[in-house]
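Overview (structure and organization)
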Amino acid sequence: MKEYIEQIEQNGYCTIAAAYRAEETGRALSLVTDWYERTRLSQAETVPYLNRNQPMVYNLQNKEHYFLELLFSSELVEKLLIHFLNDKWYKQIPTGQPNYIMRSYLARSSQDALPLHIDSFVPYVGAHVISMQAAILLEDSTISNGCTLFVPGSHQAGEYVEQSALEDAVAVEGRRGDVIVWDSRLWHGANPSTDGRTRWALIATFSRWWLKQAFDIPNNLPESILHKLSPKQKAIMGFSSIPYNDETEGIDMKRGYESGQNG
């Protein structure tokens, strides 16, 4: 745990080797490729330019409960996220439990090169992290099939990305079952796929509880999936952070597990 924290603080990322078994990633890969064929023609035209011409499956939390089951099963990833993203002043959720939320959950492979970018939306310098990504590799990720590129230490640059930094980028290869976790301020992108092979990964973005989610997750989670989630998992999905309609319903933005029980 300590070594991963130090790597993220210093370089902006870490790799957790063999976090998932082959049968787990194999099942997830089968589901992802099925959902890609079912949804690839129905995505809205307003796709961010970074995701254009890339194989993507959005909103995995709505597709299969297994995607959430797999994501939540890593205690090490949860501990890392608690360390970096928990609000220590959030008293309505038990101490030591996650009070961060999931901003988005998608699957991605590679096709074209992905330009360097940040996912924190604004660059800043400091120890307080506001969002992080965790990527579960479902297939081996190599330079030739479009692996992720990181510019080590750039999470503390305090500046927006310069594409000239590609010369300082490191190609982060990995094996299926590995998990890569990074600070969303980190300058990162991806190689183009040159060998025709896919390199599917599940990518979850987590943030401080007060940041806006990419989609309205609480109000669109299927009932069949919702009822399988624990109070802790519902809180991570944003159910303890839903704004009240007005002051007659409530005022405190920090809410506990009870707010998600009927959601």
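Here we summarise the structure given alongside this text. (Residues numbered from 1 in each chain as written. Predicted model: local features only at pLDDT ≥ 70, side-chain atom pairs only at ≥ 80, totals over all residues. Heavy atoms only, no water.)

**With respect to the packing of helix α2 (residues 22-39) against helix α3 (residues 65-72)**
We count it as follows: Structural elements are reduced to axes, namely lines fitted to C-alpha atoms, with helices fitted over the stretch in contact, and the angle between N-to-C directions of any two is expressed from 0 to 180 degrees. Helix and strand definitions here come from DSSP, where helices need a minimum of 4 consecutive H or I residues and strands a minimum of 2 consecutive E residues; each element is numbered from the N-terminal end. Helix crossings get a hand from a simple test, with the near helix turned counterclockwise from the far one by less than a right angle marking a left-handed crossing and a clockwise turn marking a right-handed one. Throughout, a contact is declared for two residues whenever any of their heavy atoms are within 4.5 Å. Three residue categories are used. Nonpolar comprises Ala, Val, Leu, Ile, Met, Phe, Trp, Tyr, Cys and Pro, charged comprises Asp, Glu, Lys and Arg, and polar comprises the others, including Gly.
Between α2 and α3, whose axes approach to 10 Å, the crossing angle comes to 140°. Handedness of the α2/α3 crossing: left-handed. Across the interface between the two elements, Glu 24, Arg 27, Ala 28, Leu 31, Val 32 and Trp 35 from α2 touch Tyr 66, Phe 67 and Leu 70 from α3. For the contact of α2 with α3, the residue count by class is seven nonpolar, no polar and two charged.

**Brief notes about the environment of Lys 232**
Positionally, Lys 232 belongs in helix α7 (residues 231-236). Setting aside anything within four residues of it in sequence, one finds Lys 232 in contact with Glu 78, Gln 97, Pro 98 and Tyr 257.

**Examining the sheet that holds strand β9 (residues 188-190)**
Condition: DSSP bridges decide pairing: two strands pair if at least two such bridges lie between them.
What the four strands build is an open sheet, ordered β4-β9-β6-β7; its pairing is antiparallel. Of all the strands in the sheet, just β4 (114-117) and β7 (170-172) have a single pairing partner and so form its edges. Pairs of neighbouring strands in the sheet enclose a mean axial angle of 25°, with direction left out of account. Bridging between strand β6 (residues 148-150) and β7 involves three bridges; their strand directions are antiparallel.

**Some words on the pattern of salt bridges**
So the rule is basically this: Just to be clear on terms, a salt bridge is a Lys or Arg side-chain nitrogen sitting within 4 Å of an Asp or Glu carboxyl oxygen.
Here the structure, examined in full by the defined rule, presents nine salt bridges. A salt bridge links Arg 185 to Asp 183, with the shortest nitrogen-to-oxygen separation between them at 2.8 Å.

**Regarding helix α4 (residues 75-85)**
The condition is simple: Think of it in three bands: residues with accessible area under 20% of the maximum for their type are buried, residues over 50% are exposed, and the middle band is partly exposed, with areas taken using a 1.4 Å probe on protein chains only.
Where α4 is concerned, the buried positions are Val 77, Glu 78, Leu 80, Leu 81, Ile 82, Phe 84 and Leu 85. If you follow the buried residues of α4, they end up packed against α1 (2-11), β1 (13-16), β5 (131-137), β8 (179-183), β10 (201-207) and α7.

Keep in mind that these numbers describe shape and distance, not what the molecule does.
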